[in-house]
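# Structural overview
Next come the chains, spelled out residue by residue.
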Amino acid sequence: MAATVLALMTLGAVAYAVTALLALGGTVDRFRTAADGTGAATDDVDTVVTLVRAGTIVSAMVTVLVGLVLVGLAAGLLAARPVARVSTWVVSGLGLLGGCCTLAALVGQRAAPLKVGDAGLLPLLGEAYPAWWLPVNAGLSVAQMLGYLVVAVLLVLPASNSWFGARRPARPAEPPENPYGLHLPQGSRPPE
């Protein structure tokens, strides 16, 4: 079940990355339109647009890489590799931490929008994102945290202990020293 949850989380990660890249064009267009009315310098607007594009692309790449890690962990769990179990716990802890930080940033962004600089470009950027952007991101952060928590709990259950213990190969019995009761030659070797 833990591998299935990780696979679903991977699908969510890829869907998020694709959605972020698809929403980027409209966000940049709305931001440029809103910034034209402020009298902000073109260089400032271009800098913010470049940062938004770079941030979105890097975020999408990291999200896809995390998805690949989750696929690898799921495969390791299905193969009953103990190292995959421990690695999954570590990744789950980091994922919970990341989800909490993202959720806190989104709540902070909604509660107190940033106002930096005389032109006030950052508030315009927040308004340029689609209306569904913050709620969807908050929902995904909560789903991510729940997913990692479920995976970690599933790997602690007794059924998981038997899964990871059942596949260990048994040590073969040591063969007897002299299985056929033959006597080894005594003394020196005969001349050749």
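A brief look at the structure comes next. The model shown is predicted, which means the values in this text are computed figures rather than measured ones.

A tally of regular secondary structure across the chain gives six helices and zero strands. The order of α-helices and β-strands along the chain, N terminus first, is α-α-α-α-α-α. Taking all 192 residues of the chain together, 28% fall into the buried category. Within the chain, counting contacts between residues at least 6 apart in sequence, those at least 24 apart form 83% of the total. Put simply, the chain shows about 12,700 Å² of open surface, and 69% of that area lies on carbon and sulfur atoms.

On to the layout of surface pockets. When its volume is computed, the second largest pocket comes out at roughly 270 Å³. In terms of lining residues, the second largest pocket is bounded by 13 residues, among which Met1, Ala2, Leu154, Leu155 and Trp163 are the most central. Where the lining of the second largest pocket is concerned, the elements lending two or more residues are helix H1 (2-36), helix H2 (42-78) and helix H6 (158-166). The element contributing the most residues to the lining of the second largest pocket is H6, with four residues.

What follows is about unusual backbone geometry. Although it is not a glycine, Ala80 sits at a positive phi angle of roughly 60 degrees. By relative accessible area, Ala80 is classed as buried at 7%.

By the element assignment, Trp163 lies in helix H6. Distance from Trp163 to Ala80, taken between C-alpha atoms, is 6.6 Å for residues 83 residues apart in sequence. If sequence neighbours within four positions are ignored, Trp163 has contacts with Leu77, Leu78 and Ala80.

All right, on to H1 then. The end-to-end C-alpha distance of H1, which contains 35 residues, comes to 50 Å, matching closely the 51 Å that a straight helix rising 1.5 Å per residue would cover. Maximum bend of H1: about 35 degrees, positioned at Leu24.

Further remarks concern the nonpolar core. Of all hydrophobic cores here, the largest spans 15 residues; its most connected members are Leu6, Met9, Leu70, Leu77, Val151 and Leu155. Elements supplying a minimum of two residues to this core: H1, H2 and helix H5 (133-154). Sorting elements by how many residues they give to this core places H1 first, with five residues. Discounting residues that sit within four places of it in the chain, Leu6 has contacts with Leu70, Leu73, Ala74, Leu77, Thr88 and Val151. Residues Ala40, Leu121, Leu124 and Leu125 belong to the second largest nonpolar core, which totals 13 residues.

One can find Thr56 in helix H2. At a separation of 2.8 Å, a polar atom in the side chain of Thr56 contacts the main-chain carbonyl oxygen of Val52. Residues contacting Thr56, with those up to four places away along its chain left out, are Ala20, Leu21 and Leu24.

Residues Leu121, Leu124, Leu125 and Ala128 constitute the buried set of helix H4 (residues 121-128). Each buried residue of H4 lies within a common arc of 105 degrees when the element is viewed along its axis, so the set occupies one face. Where H4 is buried, its residues touch H1 and H2.

Criteria and thresholds
Residues numbered from 1 in each chain as written. Predicted model: local features only at pLDDT ≥ 70, side-chain atom pairs only at ≥ 80, totals over all residues. Heavy atoms only, no water. Helix = DSSP H or I, 4+ residues; strand = E, 2+ residues; numbered from the N terminus. Buried < 20%, exposed > 50% of the residue type's maximum accessible area, 1.4 Å probe, protein only. Contact = heavy atoms within 4.5 Å. Areas by Shrake-Rupley, 256 points an atom, 1.4 Å probe, with all protein chains shown as cover. 1 Å grid on protein atoms, 1.4 Å probe; cavity = no way out; pocket = protein on both sides within 12 Å on 5 of 7 lines; lining within 4 Å. Points joined across faces, edges and corners; volume = space filled by probe spheres on them. Expected span 1.5 Å × (residues − 1). Bend = angle between axes of the 7 residues up to and from the residue. Core = buried A, V, L, I, M, F, W, Y, C linked by side-chain atoms within 4.5 Å. Polar contact = N/O pair within 3.5 Å; in protein donor to acceptor, adjacent residues only side chain to side chain. Arc of directions from axis to C-beta.

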